[in-house]
Structures are given as C-alpha cells and as structure tokens.
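What follows is the residue order along each chain.
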Amino acid sequence: MVGRVPAPLVFVVSAFSQYLGAGLAVSLFSLMPSTTVAWWRLVVGATVLMALRRPWCRSWTRKALALAAAFGTATATMNVIFYAAISLLPLGTVVSLEFLGPVAVAAVTGRGWRPRCAAVLALLGVVSISGLGVDVGEPDQRTGVVLALAAGAAWAAYILLGRRVASAGAGIDSLAVGMVFGALVYAPFAVGTAAGALTSVRSAAMALGVGLLSTAVPYGLEQAVLKRLGTDTFALLSSLMPATSMLVGVAVLGQLPSGWELTGLVLVSVAVALASADGRTPRPASR
C-alpha cells in the first residue's frame, strides 16, 4: 500500500509524525520530567521495533552487539537532550539549532563546495536564532540553547555510528536492540517518576502516542520509501524539516517564532539542503 504513495508525500507525513510526537511530549512535561518522557518514548519505541523486527532471530557477534549498544545509547542521549531542550525553548527553534550537528558532519566528511557553504549558513542561522531570536540573558532560554546544540552534537554521533551500523548490514535490527540498551541506560534517571504516565488513561495514551508517532510510524514509513528518493528530492525534503517542526510548534503548541528565528530557520533550511545534496548526509533520526 505505502509503495503506491509518492515517496515525497510519505517523507512529509513521516516528518509531521515525528514532530507531532515531540509536540505531544511537551504536553506531558507537566506530569513528569522531560527525561522521563523521553524514557517512555524509548520504551515504547523499543517494544514496537523489537516486536516488528524480532532481532533475536538473527545471530549476533559481541562486536555487533557492542556497536548496537553504542548506537542505541547515542540515539537515547540525543532524544533525552532534545526533550530537555524543547521543555525550555520552542520546538522549531530547537530543531533548527540542533541541525548544526548533521550539517557539521556533512562539512567534515563531504566533498566540494556544498557542505562548506552549508556549514557557514548553518552557523549564521544558529547566530540568528541563539544570538538574536532568543533572550540568552534569561537563564532557561540560555540553558535551552546549550541543550539544543548538545542535542546536535549527539545527533552527529548518531550519524557516524549509524553509518557503521548500516555498513555492517544490521540496520533497523541494530536500532531495535540499541533502543533496548538506551532505555536501560536511562532507566535509573526515570523510574522514580515514570508512574506519572500511568496516572490516567489519557496520560498513558499520550505516552504511547509519543513513542508511536516519534518512532514506530516514521521508521516504518521511511524504510518503505527512502530508497525511492533521489538525492535532489532528499535534499529538498530534508530542508523542510525545520520548517515542519516550527509549523507543528505553532499549530499544536501555540509557539509563535520571532523574526530572527524565522530568518535563522531559512538559513538552516538552505544549509540542510546543501548538506544533503551530495547524498552523504543520512536521514536524521526520528523525533
């Protein structure tokens, strides 16, 4: 069924699903800390992926398990920091700032003028957002900027580890196993407040929705269509992701961006398009 749908449309649906999940997560921050919400997302995502992929059916070497564990821990860290950032800053602002991570990877590993120009534009976008669009004199917003940039660094680590996982041929099976490791790593920080998701049917449904919208739906859709996307189309659609997150922030959370934030978003979007155009920047992790 999905195979008959135009790949760009599926890509856009996947992006909206990711950021709707993040928007839903923000609504849970009043019930539990952001780390706990991120942990629930990991638990739900790991459960769904393990059920779908059944990675225990394949043979695993110690090296493959260690790589999966590192990959999963990087994925978990990226999302824990990301959720902490969106508890302090608007969703679109955080996504734009953290895109500095994958753009930096493209600048270091890519060839030609595109990734270098992308790095410059991304830095200008970050300055526009963090230096002019956000009140860095306000402690929470300053902390949010630092966390968003740290999430970008974790995203870069995810990309580099993801390339090793992909080259080993494990793919989504390693992600499924890795998310189990990630959930275990962050369990000590979340179990004390995890019951907040079980206080009502609504909160439990929201926690389940975060995991499904941010992990299960996007990864399922992406696996069905990514191979059908050309490099140019991939670059164009990737560049729309910061804008997608900002639209979700406006529509779902009522987070209106400032003029400087909009300027930064445009700069980052162009940077993402350039960084993705050589085909070396992999698809960002689901949010």
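Owing to the predicted nature of the structure, the values given are computational and were not obtained by experimental measurement.

Focus: the nonpolar core
Of all hydrophobic cores here, the largest spans 67 residues; its most connected members are W39, F82, Y83, I86, L91 and F99. Residue contributions to this core peak at 11 residues, all from helix α3 (residues 62-86).

A closer look at the packing of aromatic side chains
Using the criterion set out here, one finds four aromatic pairs in the structure. Ring plane angle 65 degrees and centroid distance 5.3 Å describe the contact between W39 and W40, whose orientation is recorded as edge-to-face. In this structure, W39 and W40 share a single accessibility class: buried. Seen from their ring centres, F82 and Y83 are 6.0 Å apart, and the 55 degrees between their planes marks the pair as tilted. Ring pairing ties together the aromatic residues F29, F82 and Y83, which thus form one cluster.

Structural notes on the packing of helix α2 (residues 34-53) against α3
Here α2 crosses α3 at 140 degrees, and the two axes come no closer than 8 Å. In terms of axis orientation, α2 runs oblique to α3. The crossing of α2 and α3 is right-handed. Along its contact with α2, which presents S34, T35, V37, A38, R41 and L42, the element α3 presents A76, N79, V80, Y83 and A84. Tallied by class, residues from the contact of α2 with α3 come to seven nonpolar, three polar and one charged.

Quick notes on the confidence of the model for the protein chain
Considering every residue of the protein chain, the mean pLDDT works out to 78; 79% of them sit at 70 or more. Here helix α10 (residues 231-239) is the element of the protein chain with the lowest mean pLDDT, 56, and α2 is the one with the highest, 90.

The rules we used
- All chains use their own residue numbering, which begins from 1 and follows the written sequence.
- A pLDDT threshold of at least 70 governs which residues receive local features in this predicted model, and a stricter bar of 80 or more applies before side-chain atom pairs are shown or counted, although totals over entire chains, interfaces and linings include all residues.
- As a convention, hydrogens and water are excluded, and side-chain values are obtained from all of the structure's heavy atoms.
- Buried Ala, Val, Leu, Ile, Met, Phe, Trp, Tyr and Cys residues that are joined via side-chain atoms within 4.5 Å together make up what is termed a nonpolar core.
- Classification of residues uses two cut-offs on accessible area relative to the type maximum, computed with a 1.4 Å probe and protein chains only: under 20% is buried, over 50% is exposed, and between them is partly exposed.
- Segments assigned H or I by DSSP are reported as helices when at least four residues long, segments assigned E as strands when at least two residues long, and all are numbered from the N terminus.
- The rule is short: rings of Phe, Tyr and Trp, with Trp giving its six-membered ring, pair when the centres are within 6.5 Å, and they are stacked under 30 degrees, edge-to-face over 60, tilted in between.
- A fitted line through C-alpha atoms serves as each axis, taken over the contacting stretch for helices, and the angle formed by two N-to-C directions is quoted from 0 to 180°.
- Under this scheme an angle from 65 to 115 degrees is roughly perpendicular, one under 35 degrees roughly parallel, and one over 145 degrees roughly antiparallel; angles in between are oblique.
- By definition, any crossing whose near helix is turned counterclockwise from its far helix by less than a right angle is left-handed, and any crossing with a clockwise turn is right-handed.
- The contact definition used throughout considers only heavy atoms, calling two residues in contact when any of these lie within 4.5 Å.
- Lys, Arg, Asp and Glu make up the charged group, whereas Ala, Val, Leu, Ile, Met, Phe, Trp, Tyr, Cys and Pro make up the nonpolar group; the residues left over, Gly among them, are polar.
- For every residue, the pLDDT score states the predictor's confidence, bounded by 0 at the bottom and 100 at the top.

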